[in-house]
Amino acid sequence: MNRPTAYATTSAVALPKQPTALARERCARLPHARPRSRGGTPMAPLVRDLRDRCGRSPRALLFGPRDLVVVTGLPGSGKSTLMTRAVDGLRVDSQDTRDRWDARTPGFLPYALYRPLVRLAHFAGLRRALRSGEGVVVHDCGTQAWVRDWLAREARRRGGTLHLLLLDVPPGTALEGQRERGRGVSRYAFLRHRSAAARLIRSVERGDLPPGVGSALLLDRPAADVLRGIAFTDRSDVGSTR
C-alpha cells in the first residue's frame with residue numbers, strides 16, 4: 001500500500017512532513033525542507049493544523065495519484081465553494097447533484113419529495129468516479145460515517161490513502177453561509193451536523209483519526225480562502241514522491 005502522501009505548497013515552498021500526531025503552527029515561518037527519518041524517507045504526518053496561520057496558509061495541496069480526499073464541515077462552511085475553486089480534476093459534490101435536479105424539477109415540488117433520488121444520483125456518480133481509478137475529491141456532510149468507510153475501503157483497494165480536509169468554522173459563520181446561498185438545513189439537522197462536526201474536530205485534534213483515514217488537515221475559513229489548488233500527482237511521478 002502507498003504511504004500516506006500529502007504535500008502543501010505556498011509560493012512553491014513545501015511544508016514539512018511532521019512525525020507528531022498534531023502539527024500546529026501559528027504565524028510561523030515556513031521551512032523550506034521536509035524533515036526525514038533516519039532512513040532518509042520523509043516522515044508522513046497524521047494531522048496538520050492550518051488554522052490560525054495569520055494568512056500564511058498553503059495555496060495548494062498535492063496528493064498521491066491513487067489517493068482520495070474528503071472535504072467535510074458544517075453546512076454553509078464553504079465546502080462546495082472550496083471544491084469549485086480549487087479542484088480541476090475529478091470532484092464529486094452532492095450540491096452539484098442537487099443543483100442539476102433543482103434545475104429540471106418544477107419549483108412547486110418540495111425538495112423533501114425528491115431528496116432520495118438526489119442522494120441516489122449522487123452516490124451513483126461517486127461510484128463512477130471511484131471506478132476511474134483516478135484521484136477524487138469528495139464532498140462529505142460529516143454525518144454519514146458509512147461513506148468514509150466506503151471511501152477508506154476503496155483507497156486501500158487501489159493502493160492509495162484517504163485524506164480528510166476538515167473545515168472548522170464557527171456555527172454563526174456556517175449559518176451566514178447558508179443564508180448567502182439562499183439554502184439551508186433545518187434547525188434539527190444543523191444541530192446534528194454541529195454535534196458530529198464538534199466530535200470529529202476534537203477527535204482529530206487528539207490525533208485520533210476516523211478508521212481508514214491516513215491523514216487529516218484542519219482548516220479555518222481564512223485558510224480555506226487562501227487555498228487555490230487541490231490536485232494529485234501523475235502516476236509516473238509516484239517513484240519520485242514516495
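Here, every reference points to the structure presented above.
Here is what the cut-offs are and how they apply
Residues numbered from 1 in each chain as written. Predicted model: local features only at pLDDT ≥ 70, side-chain atom pairs only at ≥ 80, totals over all residues. Heavy atoms only, no water. Core = buried A, V, L, I, M, F, W, Y, C linked by side-chain atoms within 4.5 Å. Buried < 20%, exposed > 50% of the residue type's maximum accessible area, 1.4 Å probe, protein only. Helix = DSSP H or I, 4+ residues; strand = E, 2+ residues; numbered from the N terminus. 1 Å grid on protein atoms, 1.4 Å probe; cavity = no way out; pocket = protein on both sides within 12 Å on 5 of 7 lines; lining within 4 Å. Points joined across faces, edges and corners; volume = space filled by probe spheres on them. Phe/Tyr/Trp six-rings, centres within 6.5 Å; stacked < 30°, edge-to-face > 60°. Lys NZ or Arg CZ within 6 Å of the ring centre and 35° of its normal. Polar contact = N/O pair within 3.5 Å; in protein donor to acceptor, adjacent residues only side chain to side chain. Contact = heavy atoms within 4.5 Å. Salt bridge = Lys/Arg side-chain N within 4 Å of Asp/Glu carboxyl O. Expected span 1.5 Å × (residues − 1). Arc of directions from axis to C-beta. Axes fitted to C-alpha atoms, helices over the stretch in contact; angles between N-to-C directions. Parallel < 35°, antiparallel > 145°, perpendicular 65-115°, else oblique. Left-handed = near helix turned anticlockwise from the far one by under 90°.

J.: Looking at this structure, how should I read the nonpolar core?
T.: As a rule of thumb, soluble globular proteins bury nonpolar side chains together. Core analysis: the biggest nonpolar cluster contains 25 residues, and L68, L126, L151, L162, L164 and V204 have the highest contact counts within it. For this core, the elements supplying multiple residues, two or more each, are β6 (68-73), α3 (111-131), β8 (136-140), α4 (145-157), β9 (162-167), α6 (187-205) and β10 (213-219). The biggest single contributor to this core is α4, with 5 residues.

J.: Help me out: how do you make sense of the layout of surface pockets in this one?
T.: Summary: where empty space remains is shown by rolling a probe the size of a single water molecule over the atoms. Taken as a whole, the largest pocket encloses approximately 1,100 Å³ of empty space. In terms of lining, the largest pocket is formed by 41 residues, of which the most central are P75, S94, Q95, H139 and R181. No other element matches the 7 residues that α3 contributes to the lining of the largest pocket.

J.: Can you walk me through the packing of aromatic side chains in this structure?
T.: The geometry of two aromatic rings is summed up by the distance between their centres and the angle between their planes. Applying the stated rule across the entire model yields 6 aromatic pairs. A ring pair is formed by Y111 and Y114, whose centres lie 5.2 Å apart and whose planes are at 85°; its orientation type is edge-to-face. Pair noted here: Y111 and Y114 are both in helix α3, with a separation of 3 residues, about one helical turn. Accessibility classification places Y111 together with Y114 in one group, the buried group. Between W146 and W150 the ring centres are 6.3 Å apart and the planes differ by 5°, which places this aromatic pair in the stacked class. Of this pair, W146 and W150 both sit in helix α4, 4 residues apart, roughly one helical turn. By way of ring pairs, the aromatic residues W101, Y111 and Y114 are connected into one cluster. Its end group placed over the ring of Y111, R98 keeps NZ or CZ at 3.7 Å from the ring centre. One Lys or Arg, R104, reaches over the ring of W101 and ends 4.6 Å from the middle of that ring.

J.: In this structure, what is going on with unusual backbone geometry? I would like to understand it.
T.: Residues other than glycine predominantly adopt negative phi, and peptide bonds predominantly adopt the trans conformation. Not every positive phi belongs to a glycine, and D52 is a case in point at roughly 55°. By the secondary structure assignment, D52 is in the loop between β4 (47-49) and β5 (60-63).

J.: What am I meant to see in the side chain of H139 here?
T.: Along the chain, the position of H139 falls in strand β8. Residue H139 is classed as buried on the basis of its relative accessible area, which comes to 12%. Polar side-chain contacts of H139 include one of 3.3 Å to the side chain of S94. Ignoring anything within four residues of it in the chain, the contact list for H139 reads V71, K79, S80, M83, V92, D93, S94 and H122.

J.: Which parts of the structure should I look at to understand the pattern of salt bridges?
T.: Pairing is possible between side chains that carry opposite charge, provided their charged atoms lie close to one another. Tallying each qualifying case throughout the model produces 9 salt bridges. Two residues, E154 and R157, come together in a salt bridge whose shortest N-O distance is 2.7 Å. A residue pair is termed a helical-turn pair when its members lie 3 or 4 positions apart in one helix, as E154 and R157 do in helix α4 at 3 residues. Through salt bridges with shared partners, one network takes in D49, R51, D168 and E205.

J.: What's the story with α6 in this structure? I'm lost.
T.: Residues lying three or four places apart along an α-helix face the same way, a consequence of the helix completing one turn every 3.6 residues. Its 19 residues place the ends of α6 27 Å apart at the C-alpha level, agreeing with the 27 Å of an ideal helix rising 1.5 Å per residue. For α6, the complete set of buried residues consists of A189, F190, H193, A196, A197, L200, I201, S203 and V204. Mapping the buried residues of α6 onto a view down its axis gives an arc of 160°, with all of them on the same face. Pointing more than 90 degrees away from the buried face of α6 are the exposed residues R187 and Y188. Among the structural elements, β4, β6, α4, β9, α5 (171-181) and β10 are those in contact with the buried residues of α6. Count one or two residues on from α6 and you reach G207, which has phi positive near 85°.

J.: It is not clear to me how the packing of helix α2 (residues 94-104) against α3 should be interpreted in this structure. Could you clarify?
T.: Where α2 contacts α3, the two axes come as close as 9 Å, and the packing angle between them is 130°. Considered as vectors, α2 and α3 are oriented oblique to each other. As for the relative orientation of α2 and α3, their crossing is right-handed in sense. For the pair formed by α2 and α3, the contact residues are S94, T97, R98, W101 and D102 on the first element and Y111, Y114, L117, V118, A121 and H122 on the second.

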